[in-house]
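Remarks on the overall topology
Below, each chain spelled out in residue letters.
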Amino acid sequence: MNLGVLVAVAVAVVVVAFALLWIFLRPSTAEKKTAQLFVVPDPKPLPKPVGKAVKRPPESDSELRVDVPENTSSTRWVGALIDKRPDEAAAVLKRWIREK
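Summary of the structure given here.

Within the chain, the secondary structure is distributed over three helices and zero strands. In the chain, the order of α-helices and β-strands from amino to carboxyl end is α-α-α. In the chain, which comprises 100 residues, the proportion classed as buried is 5%. Just so you have it, the chain exposes about 10,800 Å², and 63% of that area is on carbon and sulfur atoms.

So, in structure tokens, the structure goes:
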């Protein structure tokens, strides 16, 4: 019985060694694939825009002033400014985002 186990282990070792050698030492069969080129028609030129409408915030006659006590934080001051004039605040944010 010990002889049968010894033979089975020897055969298993030989098979595993052969498989590892075959995997790592076989020649590479990578095929070179050429990229297929597609013919793309010339795009039609886009018409030039006549004019771009820019929406500006309404101009106010009064001075931009928000009454906030001096000892408040800048976050509260900005919040009060946005509450008082939301259109102008949105315009400033949009302009700032466009510049970035």
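Our focus in this paragraph is the packing of aromatic side chains. Each aromatic ring pair is summarised here by two numbers: the centre-to-centre distance and the angle between the ring planes. Taken as a whole and assessed by the stated rule, the structure comprises zero aromatic pairs. It is R26 that lies over the ring of W22; its NZ or CZ is 5.0 Å from the centre.

Here the focus is the pattern of salt bridges. By the definition in use, this model includes one salt bridge. Put simply, R85 and E88 hold a salt bridge, and the shortest N to O gap is 3.3 Å. Taking relative accessible area as the criterion, R85 reaches 14% and is therefore assigned buried.

Each value, and the rule that gives it
Residues numbered from 1 in each chain as written. Predicted model: local features only at pLDDT ≥ 70, side-chain atom pairs only at ≥ 80, totals over all residues. Heavy atoms only, no water. Helix = DSSP H or I, 4+ residues; strand = E, 2+ residues; numbered from the N terminus. Buried < 20%, exposed > 50% of the residue type's maximum accessible area, 1.4 Å probe, protein only. Areas by Shrake-Rupley, 256 points an atom, 1.4 Å probe, with all protein chains shown as cover. Phe/Tyr/Trp six-rings, centres within 6.5 Å; stacked < 30°, edge-to-face > 60°. Lys NZ or Arg CZ within 6 Å of the ring centre and 35° of its normal. Salt bridge = Lys/Arg side-chain N within 4 Å of Asp/Glu carboxyl O.

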